[in-house]
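# Survey of secondary and tertiary structure
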Amino acid sequence: MNSLSQRAHSLSRAPRRWLKKAASRVFFRHVFPRVAARRDIFERFVKETPDRIMIFPSNLCNALCSFCAYPTNKDPKQSMPNEIAFKAVDDLIAMGGKTINFTPNLGDPLVDPLLGDKLAYAKSKGIEKTYFFTNGILLDRDGLIEKISPHLDLMRISLPGLDRDNYIAVFKVDKAEKVTRGIIKLCEYKRRHGNPRRVTLELRIDRPRDEVFQDDGMKRLAPYIEDGTLEIGEIYEEFDTWGGVIGETDLSGTMKMREIVSDREVPCGRLFENPGILPDGHVRACSCFYVGTNYDKLTLEKVTDRPLSEILYGDQHREIIADWMKGDLPTPCHKCTYYEQMRYPIAEQLAMTAAVLRKERKKSSLRSGEFDAPLRPSTENMRAGSR
């Protein structure tokens, strides 16, 4: 196909793209709110088992990273009791889930002294993949590596490099040497025993990449990188606003803020695929970020009170979606840079539209009362320790 033909073909597709976009906007503006308001239709078309859940072993951290809103969090600091984690694992298994991320959206998982128990239980029950992010500060603690590694598929270690002054500038604690020793200890264990299956370095940097790898600490890790014991994971140079809490003035060096998408008329797809369990057992519809507290409109019921399968996509979860369609977004969602518009193929949009119309015609003809359970009151004022 020559360039002229390619251009003509591209132009011919433009009206179709415009029509699909326009139809989708009409669907989300006029039909999807009615889907969210009807439990049976919502569960039929929207409800599904999440690919993963996040379990928050602790909400206490031992670093004060410049790009993180942890210092602004007001929630009581606590670690998750094993019985709460075990209940969440059992519920996920019953739903058919296979992956658990043991990373809190604030805090470090290694702070939890019972983390090894939680990982071991998850693996014993059939969870296929366990992983977490950590700053690695506690890796040199006696017995820790031996307890967690056999039950861990992936450990992702966040660091800005291993230069002492730079570590202090970015992570705000003097722990570069301690982290280096801990990673070397982990690598030696992995060489001997083969686990964790993978260990990656997740670089959150404020300077040129080449400069980072010239740090003395990074040079000490080079042999483990060369033989595959360690891998270089993602390199982060742009960062989220944490709902508007973090700004350019909080960052250092070459760090930049991620771009904020302004058009948020359609609900975010992460509301259906990123649930988390807080240390006290409350389920959070999305685990991305918080503003001041994790107990806000995104916080649902406790996993110890109801099965996870009933909490996810339940009345409170549907209420978040319904309110979003009215322009009432949860506080952390207004400026979250990880917003991803929910999408459905045209065929599914048409199927949901038909289901809503059939339901409304049936109710109109019968002139009966409500078939659907009412949505519960807003949970915006929930606070830690409730229930």
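Now for a look at the structure at hand. (Residues numbered from 1 in each chain as written. Predicted model: local features only at pLDDT ≥ 70, side-chain atom pairs only at ≥ 80, totals over all residues. Heavy atoms only, no water.)

## Here's the deal with the overall build of the chain
When its secondary structure is counted, the chain shows twelve helices and eleven strands. For a compact globule of 387 residues, the expected C-alpha radius of gyration is about 21 Å, and the chain comes in at 23 Å, within 12% of that figure. Dimensions of the chain along its principal axes, counting C-alpha atoms only, are 75 × 65 × 40 Å. Looking at the chain residue by residue over its 387 residues, the buried ones come to 52%. A total accessible area of about 18000 Å² is found for the chain, and carbon and sulfur atoms account for 51% of it. Side-chain charges in the chain split into 62 positive and 55 negative, and the spacing between the mean points of these groups amounts to 6 Å. (Helix = DSSP H or I, 4+ residues; strand = E, 2+ residues; numbered from the N terminus. Rg over C-alpha atoms; globule rule 2.2 N^0.38 Å. Buried < 20%, exposed > 50% of the residue type's maximum accessible area, 1.4 Å probe, protein only. Areas by Shrake-Rupley, 256 points an atom, 1.4 Å probe, with all protein chains shown as cover. Lys, Arg positive; Asp, Glu negative; His and termini not counted. Charge placed at Lys NZ, Arg CZ, Asp CG, Glu CD.)

## A closer look at the pairing of strand β3 (residues 129-134)
Across a regular strand the side chains alternate sides, sitting on one face of the sheet and then on the other. The buried fraction of β3 is high, at five of six residues. Of the pairings in the sheet, the one linking strand β2 (residues 99-101) to β3 comprises three bridges and is parallel in character. Of the residues in β3, the one forming a bridge with N101 is Y131. On the question of chirality, the crossover connecting β2 to the parallel β3 by way of helix α4 (residues 115-124) is right-handed. As judged from the four bridges shared by β3 and strand β4 (residues 154-159), these two strands associate in the parallel manner. Looking at β4, one finds that F132 is bridged to M155. (Pairing = 2+ DSSP bridges. Right-handed = clockwise from strand over helix to strand, strands pointing away.)

## Topic: empty space enclosed by the protein
Taken as a whole and judged by the stated rule, the model has two cavities of 30 Å³ or more. Space inside the largest cavity adds up to approximately 120 Å³. As for the largest cavity, its lining consists of 14 residues, of which C268, C286, C288, C333 and C336 are closest to the centre. In terms of residue class, the lining of the largest cavity is built from eleven nonpolar, no polar and three charged. Around the second largest cavity, the lining residues are N59, D75, Q78, L106, L278, P279, N294 and Y295. Within the lining of the second largest cavity, the residues separate by chemical class into four nonpolar, three polar and one charged. (1 Å grid on protein atoms, 1.4 Å probe; cavity = no way out; pocket = protein on both sides within 12 Å on 5 of 7 lines; lining within 4 Å. Points joined across faces, edges and corners; volume = space filled by probe spheres on them. Nonpolar A, V, L, I, M, F, W, Y, C, P; charged D, E, K, R; others polar.)

## Considerations on the layout of surface pockets
Put simply, the largest pocket is a space of about 960 Å³. In terms of lining, the largest pocket is formed by 36 residues, of which the most central are T103, P104, F133, R204 and W242. Mapped by element, the contributors of at least two residues to the lining of the largest pocket are β3, β4, β6 (231-236) and β7 (238-239). The leading source of residues in the lining of the largest pocket is β3, at three residues.

## So, the packing of helix α7 (residues 176-193) against helix α9 (residues 216-226)
Here α7 crosses α9 at 5°, and the two axes come no closer than 10 Å. Classified by the angle between their axes, α7 and α9 sit roughly parallel to one another. Together, E177, T180, I183, I184, C187, E188 and R191 of α7 and G217, R220, L221, P223 and Y224 of α9 make up the contact between the two elements. (Axes fitted to C-alpha atoms, helices over the stretch in contact; angles between N-to-C directions. Parallel < 35°, antiparallel > 145°, perpendicular 65-115°, else oblique. Contact = heavy atoms within 4.5 Å.)

## Describing the packing of aromatic side chains
Aromatic ring pairs are described here by two measures, namely the spacing of the ring centres and the angle between the planes. Evaluated as defined, the whole model comprises 16 aromatic pairs. Each ring, one from F28 and one from F32, has its centre 5.5 Å from the other, and the planes form 55°; the classification is tilted. Residue F28 and its partner F32 are both found in helix α1 (residues 3-36); the two are separated by four residues, about one turn of the helix. Comparing F28 with F32, the two get one shared label, buried. Geometrically, the ring pair formed by F42 and Y313 is tilted, given 6.0 Å between the ring centres and 50° between the ring planes. Remark: Y313 occurs in the loop between α10 (308-311) and α11 (315-325) and F42 occurs in helix α2 (residues 39-45); sequence separation between them is 271 residues. By relative accessible area, which is 2% here, Y313 ends up buried. Each residue in the set F27, F28, F32 and Y344 is aromatic and connected to the rest through ring pairs, giving one cluster. For the cation-ring pair, K129 lies above Y131, with the distance from its terminal atom to the ring centre recorded as 5.1 Å. Sitting over the ring of Y236, R204 keeps its end group 4.4 Å from the ring centre. (Phe/Tyr/Trp six-rings, centres within 6.5 Å; stacked < 30°, edge-to-face > 60°. Lys NZ or Arg CZ within 6 Å of the ring centre and 35° of its normal.)

## Section: the nonpolar core
Ranked by size, the top nonpolar core spans 107 residues in total, and within it F32 and I277 carry the most contacts. If we skip the residues at most four places from it in the chain, I277 touches I53, M54, I55, F56, M80, I84, A88, H282, V283, V303 and L308. (Core = buried A, V, L, I, M, F, W, Y, C linked by side-chain atoms within 4.5 Å.)

## Digging into the pattern of salt bridges
Scanning the entire structure with this criterion turns up 32 salt bridges. Close ionic contact of E360 with R34 constitutes a salt bridge, the shortest N to O distance being 2.9 Å. Of this pair, E360 sits in helix α12 (residues 346-366) while R34 sits in helix α1; the two residues are 326 residues apart in sequence, bridging distant segments of the chain. Residue R34 is classed as partly exposed on the basis of its relative accessible area, which comes to 28%. Among the charged side chains, a network of salt bridges with common partners joins D140, E177, K178, R181 and R220. (Salt bridge = Lys/Arg side-chain N within 4 Å of Asp/Glu carboxyl O.)

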